[in-house]
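Single-letter residue listing:
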Amino acid sequence: MQTTASAVHPVMRPNNSERPRWAVIGGGMLGMTTAHRLLQAGNDVTIFESAPALGGLASPWELGDLTWDRHYHVTLRSDSALRSLLAELGLESDIRWVPTKTGFYTDGRLYSLSNAAEFLAFPPLRLTDKLRLAATIVYASRLKDWRRLEKVSVSEWLTRLSGRRTFAKIWLPLLRAKLGENYRQASAAFIWAIIARLYAARRSGMKTESFGYVPGGYARILRSFQERLEAEGAHINTSQTAVAIETNEDSDGLSVRFSDGRRKEFNRVVATVPGPVAARLSAGLSADEVSRLNGVQYQGIICASLLLKRPLADYYVTNITDSWVPFTAVIEMSALVDRSEFKGRHLVYLPKYVQPDHPAFELPDEQIEAEFLAALERMYPSFRRADVLAFRISRVRHVFPIATLNYSDRLPPMITSVPGFYVVNSSHIVNGTLNVNETVQLANTATDYIRMKPQAQSRQVPVPTI
Ligand SMILES: Cc1cc2nc3c(=O)[nH]c(=O)nc-3n(C[C@H](O)[C@H](O)[C@H](O)COP(=O)(O)OP(=O)(O)OC[C@H]3O[C@@H](n4cnc5c(N)ncnc54)[C@H](O)[C@@H]3O)c2cc1C
């Protein structure tokens, strides 16, 4: 499918032949926001996306007769970059803010852990352990110097702050759930970024948290965003996979080659794809650049979506510490999103975070479904298989880079040694977790950076501050 925009941007611009021609490879939220900023700065921009539609990890899909996000998405009140973008799209005032509850499944029991009183009554920990755990979270949420945290391993840091018992009982299972055995290589900056983001969602202390969503989900956001890009003059090409970027000696530009053999010429190319994909795109990259791009350790995901007749519980997130459970959390979207969006039914996600080469990626859907449903039956006595109206599995090998020790010293450069070729991706989110707000903020900062210093030789990447 190929759609080419023809709408005219309201701002006066030089005619097409004078405007720098940019290609943006990857049409996720990062590629779309990068294209948007480049267009606003008066460039001619073409997006190439390998999937049949824009959106990447944020894209919607069909679950039975429901269209909703392929992966669960919430917005926080503190997501200022995303909220500004939504305001540009006329959607910010539509965000619904909803107080949600958090569950905790441990030792075969489900607990509510949504306020200070429930935390104090939480049986698996002693009072002293709880006080140290609460102090760890408050301390982490106030820390600003993430560079210092990059030098210490997450397990050492959390054990020191929370104590051995709480580390073994709470932190270790949660770290394993998100990182598998790679938790051993993660720095304290990893957990700090998660705590800082989630703490911002709470109004104060351990009080109720409030999450937001746009009615219609990311399908609506992406539709509005694509319309905006087209109105700004973007050329949008979907089902187009870039396979090589070559320097064109005659034109002093770059030639992008696609999997169908076609080529297109540009002045500049920015790839917003994962590091290993970017490393394969240009034969002109130095050995050090290739090694940095391939050196980023990603975590992947197998994420099941379930449409149910009845709810499981009323927690938006249920964290799980029992290792026999084959998924790493339960996300009950219908505890947040008005059920009229789901025609009165309930939407649940069961994510399982795994390394990109994990054998679970090869398992057939039927086997994953059987294992996941058997676990739900054990966890929720009221759950019945007959309640499952639809079940669908998403598999993605490169979801987020792991914040390993001294991560920021090994960042891939944004401005590569191939003139006019830039790489901007989630590996450049160095002091945050992967979320759309960080993604939009990265696009805003990186676009300014590569526009202003197109020929810079420096390896420095702009680090957005939170
Ligand atoms: C399970 C899950 C839950 C999440 N929950 C939240 C949440 O609650 N809140 C939140 O804010 N964020 C959340 N996120 C994160 C959010 O989805 C990401 O921050 C965002 O979508 C990243 O966008 P991106 O453009 O950087 O990457 P991607 O979306 O991965 O985009 C990269 C694009 O490049 C394309 N591509 C790759 N190779 C090529 C090629 N050779 N040629 C052309 N195109 C190519 C891909 O098809 C893809 O569309 C979640 C993500 C996941 C997976």
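Residues numbered from 1 in each chain as written. Predicted model: local features only at pLDDT ≥ 70, side-chain atom pairs only at ≥ 80, totals over all residues. Heavy atoms only, no water.

**Thoughts on the pairing of strand β2 (residues 21-25)**
Next, step 1: Within β2, four of the five residues are buried, which leaves the element mostly enclosed by the surrounding structure.
Next, step 2: Bridge count for β2 against strand β3 (residues 44-48) is five bridges, and the pairing is parallel. Pairing of I25 across the sheet is with F48, part of β3.
Next, step 3: Note on the crossover from β2 through helix α1 (residues 29-40) to β3: the handedness is right-handed.
Next, step 4: Here four bridges tie β2 to strand β14 (residues 268-271), and the two strands are oriented parallel to one another. (Buried < 20%, exposed > 50% of the residue type's maximum accessible area, 1.4 Å probe, protein only. Helix = DSSP H or I, 4+ residues; strand = E, 2+ residues; numbered from the N terminus. Pairing = 2+ DSSP bridges. Right-handed = clockwise from strand over helix to strand, strands pointing away.)

**What to know about helix α2 (residues 80-88)**
Next, step 1: Looking only at α2, the buried set comprises A81, L82, L85 and L86. For α2, the arc enclosing every buried residue in end-on projection is 135°, short of the 170-degree limit, so these residues lie on one face.
Next, step 2: Its buried side turned inward, α2 meets α1, α9 (217-231) and α13 (436-452).
Next, step 3: Once α2 ends, the next one or two residues include G90, with phi positive near 75°. (Arc of directions from axis to C-beta. Contact = heavy atoms within 4.5 Å.)

**Regarding the sheet that holds strand β19 (residues 388-401)**
For sheets, the rule is that strands pair by backbone hydrogen bonds, running either parallel or antiparallel.
Next, step 1: Read across the sheet, seven strands follow the order β8-β7-β16-β17-β18-β15-β19 without closing on themselves; strand pairing throughout is mixed. The sheet is open, and its two borders are formed by β8 (109-112) and β19, each paired with just one other strand. Ignoring strand direction, the axes of neighbouring strands in this sheet form an average angle of 20°.
Next, step 2: Against the sheet, helix α7 (residues 164-179) makes contact with β7 (102-106), β15 (298-308), β16 (317-320), β18 (346-354) and β19, and its axis sits at roughly 100° relative to β7, the strand it touches most. (Axes fitted to C-alpha atoms, helices over the stretch in contact; angles between N-to-C directions.)

**A look at the site of the ligand**
Next, step 1: Taken together, 30 residues surround the ligand, and among them E49, L57, Y72, H73 and V436 come closest.
Next, step 2: Between the ligand and the protein, one listed contact pairs an oxygen atom with a backbone N or O atom of L57 at 2.7 Å.
Next, step 3: Protein chains shield 89% of the accessible area of the ligand, which is 1000 Å² for the free molecule.
Next, step 4: When contributions to the shell around the ligand are tallied by element, the ones reaching two or more residues are α1 and α13.
Next, step 5: Class assignment for the residues of the shell around the ligand results in 16 nonpolar, 12 polar and two charged. (Near = heavy atom within 4 Å. Polar contact = N/O pair within 3.5 Å; in protein donor to acceptor, adjacent residues only side chain to side chain. Areas by Shrake-Rupley, 256 points an atom, 1.4 Å probe, with all protein chains shown as cover. Nonpolar A, V, L, I, M, F, W, Y, C, P; charged D, E, K, R; others polar.)

**Examining the packing of aromatic side chains**
Next, step 1: Applying the stated criterion to the full structure yields 12 aromatic pairs.
Next, step 2: Consider the rings of Y139 and W157, whose centres lie 6.4 Å apart with planes at 35°: the pair is tilted. Taken together, the residues Y139 in helix α4 (residues 127-142) and W157 in helix α6 (residues 154-162) connect sequence positions 18 residues apart.
Next, step 3: Following the ring pairs from residue to residue traces out a cluster consisting of F48, F258 and F266.
Next, step 4: For the cation-ring pair, R21 lies above F266, with the distance from its terminal atom to the ring centre recorded as 5.0 Å.
Next, step 5: A cation sits over an aromatic face here: R397 above F361, 4.5 Å from the ring centre. (Phe/Tyr/Trp six-rings, centres within 6.5 Å; stacked < 30°, edge-to-face > 60°. Lys NZ or Arg CZ within 6 Å of the ring centre and 35° of its normal.)

**Brief notes about the sheet that holds strand β11 (residues 242-248)**
Next, step 1: The antiparallel open sheet is built from three strands, whose spatial order is β11-β12-β13. The open sheet has two edge strands, β11 and β13 (263-266), and neither has a second partner. Each strand axis lies, on average, 25° off the axis of its neighbour in the sheet, ignoring direction.

**Brief notes about a nonpolar patch on the surface**
Next, step 1: A cluster of nonpolar side chains, namely L120, L127 and L131, defines an oily patch on the protein surface of about 300 Å² accessible area.
Next, step 2: Of note, L127 is situated in helix α4.
Next, step 3: Look at L127 and you get exposed, because its relative accessible area is 52%. (Patch = residues over 30% accessible without salt bridge, like charges linked within 9 Å, V, L, I, M, F, W, Y side chains within 5 Å. Salt bridge = Lys/Arg side-chain N within 4 Å of Asp/Glu carboxyl O.)

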